[in-house]
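Chain by chain, the residues:
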Amino acid sequence: MTIYDIAKMAGVSASSVSRVVNGKPGVNRATREKIQELLKQHNYVPDTNARNLVTQSNRTIGILTDDIDTLHQVEGCHRVEYELMRNGYYCFVKYIGHGPDAIETAMLDLARHRVEGAVCLGSAFRDACKVTRAVEHHLPNTPVVMVHNTLTFPRPNIYSVGADEVAGIQSCVDYLTSRGRRQMLLVINENRVSGALIRSAFESAVKRYPHVHSTVYTGVPVSVDGGESFALRMLREQPDTDGIICANDLIAIGALNILKEQGIQVPQQISLMGENNSSFCETCRPRLTSLDTMISMSSIMAARTLLDVLEGREPSHHVTLQMTIVERGTT
């Protein structure tokens, strides 16, 4: 059925049927109800492609990510996609890789797909210069939202939603210190883009407590095995440690395995914390205390920021969330 068939049955013009289909005014109540009844009887479905040609809209959103293996990245993509799709948009997810031209190539690909908006997740998008240049070249008038990113970008069409990791790490130091921990240790996973920032935040927080001694371990693989190897090394090199902050939950769970094997009581002798507040925190015993990086909330807020722009509402260009500590049995 076409709008012309419906118009003929209703005894009206095709433009009147079109107004009813698209929810526009200009048709009296009785005629509108008659047309709606015919549409319902004949299971009329609008031709989306034809409508897009008229409106110059395809309601397509591109989601870019530089990591398809990390649990919180996958969760972030899922949250964004769900929020946008339930509001009537079609989404596709693209893995951009890690090459020097990865961001430029990805933005060009989105431009070729004529997306109405873009959402970007991943550490690669923390290079403000590359992101700004790529958006300026390929998507100068398209809203682009960065997830889990606290940078402020110079272009008016780039938005960011993220959590304050510096304050989050410092709150972990305050938390453990309040529990009487004096030999504190930070574990940073390998290839962590924000590793230097995390270390600086940790060391700055420790300086506030002259009686607290600290050590930093870097380059630890993101796995349970990596956490176990770290813990064995830690027990040899820093046996007096009584507080551990791991910048990844899996590493913390690996460390917990070794501490239990060695008969070290957690949290009585050593308090242990992870980061990300992933579902893994509930799988170990005792359950793992973890710093919630707010990836779920920032993903949802990023999607809603994009929706606001697309629907004519002006959101904030930069939103910073506060990370929170989710207390469980390891502290």
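Before reading on, note that the structure itself is shown above.
Note that the structure is predicted; figures quoted are calculated from it, not measured.

Take aspartate 242: it is sitting in the loop between helix H10 (224-237) and strand S8 (243-246). Taking relative accessible area as the criterion, aspartate 242 reaches 13% and is therefore assigned buried. In this structure the C-alpha to C-alpha distance between aspartate 242 and proline 267, which are 25 residues apart in sequence, comes to 8.8 Å. The residues contacting aspartate 242, other than those within four sequence positions of it, are Gly180, Arg181, Arg182, Gln183, Met184, Gln269, Ile270 and Ser271.

Another point: the pattern of salt bridges. In total, this model carries 16 salt bridges according to the counting rule given. With its nearest N and O atoms 2.7 Å apart, the salt bridge here joins arginine 208 to aspartate 174. Taken as a pair, arginine 208 in the loop between helix H9 (195-206) and strand S7 (213-220) and aspartate 174 in helix H8 (residues 165-178) lie far apart in primary sequence, 34 residues in all. Arginine 208 gets classed as partly exposed once you look at its relative accessible area, which sits at 43%. A residue is classified by how much of its surface remains accessible, and aspartate 174, at 28% relative accessible area, is partly exposed. Between arginine 313 and glutamate 311 there is a salt bridge, and its shortest N-O distance comes to 2.9 Å. In this structure, a network of salt bridges that share partners links the residues Glu83, Arg86 and Arg304.

One can describe the packing of helix H6 (residues 102-112) onto helix H7 (residues 128-138) by two numbers: an axis separation of 9 Å at closest approach and a directional angle of 30°. One way to sum up the angle between H6 and H7 is to call them roughly parallel. Considering the relative orientation of H6 and H7, their crossing is right-handed. Contact with H6, carried on its side by Ile103, Glu104, Met107, Leu108 and Ala111, involves Lys130, Val131, Ala134, Val135, His137 and His138 of H7 and no other residues of that element.

Scoring rules and cut-offs
- Residues numbered from 1 in each chain as written.
- Predicted model: local features only at pLDDT ≥ 70, side-chain atom pairs only at ≥ 80, totals over all residues.
- Heavy atoms only, no water.
- Helix = DSSP H or I, 4+ residues; strand = E, 2+ residues; numbered from the N terminus.
- Buried < 20%, exposed > 50% of the residue type's maximum accessible area, 1.4 Å probe, protein only.
- Contact = heavy atoms within 4.5 Å.
- Salt bridge = Lys/Arg side-chain N within 4 Å of Asp/Glu carboxyl O.
- Axes fitted to C-alpha atoms, helices over the stretch in contact; angles between N-to-C directions.
- Parallel < 35°, antiparallel > 145°, perpendicular 65-115°, else oblique.
- Left-handed = near helix turned anticlockwise from the far one by under 90°.

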